[in-house]
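Working through the structure, step by step
Chain residues, written in single-letter form:
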Amino acid sequence: MKERKKLAGKRIAALVADGFEQIELTAPMKALRAAGAEVDVVSLRHGKIRGMNLHEPGSRVRVDRTVAEADPADYDGLLLPGGFISPDLLRQSEEARQFVRDFDTLRKPIATLCHGPWVLASAELLSGRQLASWPGIRDDVVHAGGVWRDEEVVRDGNWVSSRGPQDLPAFVREMIDLFTETAPIHAAASPLAVQSAPARTSPPLAALGATAFLPTRSTARRVLGGVATLAVGGLAWMALRRAAA
């Protein structure tokens, strides 16, 4: 019981837009709520926004507040999931960029993974910072002045980051530990890296395969959707088990 309530009284903002990677929101959000935190979904518009399982449409989640309505001062931490679409929409919004900047200015904890660091790059926050991300945006991180680490989880001061869904168990564990801390968080907890890890020589097979075998008929779509749902459920279960351990 004590472990599940270690975030009691904490309020977390989950910043996402249409096209977010579903498991990267739902698994961390379930773990945060299980640990006692209140989580608000913050987005660019009201209503429900659509998640994705790689390239396959997923479920919708209800938006609690728009970025224009949400105030970083009211939150104890920021969750910034990835996906191929959501971070690209967020990085084009000045309100979203400023929302993220305000969290970092206050040195409040920020947890991000996959393509989420795109928003940090567009908010001009990556200079001198160490982080992990989806390998495909490694060059974006480097060109924005960051140090890219090809590791399952990286802690740098008030940030924790991971490469993608495959790292969710470690990400959820470190995210909860980070969110227990009280801002302002200044000390960097990751060892000094003098240069970024090298670029990958090929894209992840999971993403490549999903593109190659996109369904063209409704029956095939239902089958692929079922497989994606099972995979997402399995990763979410592992993440929650790790968070409760």
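Residues numbered from 1 in each chain as written. Predicted model: local features only at pLDDT ≥ 70, side-chain atom pairs only at ≥ 80, totals over all residues. Heavy atoms only, no water.

Moving on to the sheet that holds strand S3 (residues 38-43). As summarised here, the arrangement of the seven strands in space is S6-S3-S1-S7-S8-S12-S11, forming an open sheet in which the pairing is mixed. Pairing within the sheet leaves two strands with one partner each, and these edge strands are strand S6 (65-66) and strand S11 (154-156). When strand S1 (residues 11-15) meets S3, the two strands line up parallel, connected through five bridges. Considered in S3, the bridge of Ile-12 is made with Val-39. Packing against the sheet, helix H3 (residues 94-105) makes contact with S1, S3, strand S7 (77-80), strand S8 (110-113) and strand S12 (159-162), and its axis sits at approximately 145° to S1. Helix-sheet contacts for helix H6 (residues 168-179) involve S1, S7, S8, S11 and S12, and the interaxial angle to S8 is about 170°. (Pairing = 2+ DSSP bridges. Helix = DSSP H or I, 4+ residues; strand = E, 2+ residues; numbered from the N terminus. Contact = heavy atoms within 4.5 Å. Axes fitted to C-alpha atoms, helices over the stretch in contact; angles between N-to-C directions.)

Further remarks concern unusual backbone geometry. The peptide bond linking Ala-183 to Pro-184 adopts the cis configuration, its omega dihedral lying at 5°. With respect to the element layout, Pro-184 can be found in the loop between H6 and helix H7 (205-212). Backbone geometry places Leu-54, a non-glycine residue, at a positive phi of 55°. Notably, Glu-124 is not glycine yet its phi reads approximately 60°, a positive angle. Structurally, Glu-124 is set in the loop between helix H4 (117-122) and strand S9 (130-131). Its relative accessible area of 70% is what places Glu-124 among the exposed residues. (Buried < 20%, exposed > 50% of the residue type's maximum accessible area, 1.4 Å probe, protein only.)

All told, the structure shown has one cavity of 30 Å³ or more when counted by the stated rule. The calculated volume of the largest cavity comes to roughly 40 Å³. In terms of residue class, the lining of the largest cavity is made up of five nonpolar, one polar and two charged. (1 Å grid on protein atoms, 1.4 Å probe; cavity = no way out; pocket = protein on both sides within 12 Å on 5 of 7 lines; lining within 4 Å. Points joined across faces, edges and corners; volume = space filled by probe spheres on them. Nonpolar A, V, L, I, M, F, W, Y, C, P; charged D, E, K, R; others polar.)

In this sheet, strand S4 (residues 48-53) lies alongside strand S2 (residues 20-21) in parallel orientation, the contact comprising two bridges. Looking at the pairing, Phe-20 lines up with Gly-51 of S4. Where S4 meets strand S5 (residues 56-62), five bridges bridge the pair, whose relative direction is antiparallel. Looking at the pairing, Met-52 lines up with Pro-57 of S5. Two successive antiparallel strands, S4 and S5, enclose a turn made up of two residues, where Leu-54 displays a positive phi of approximately 55°.

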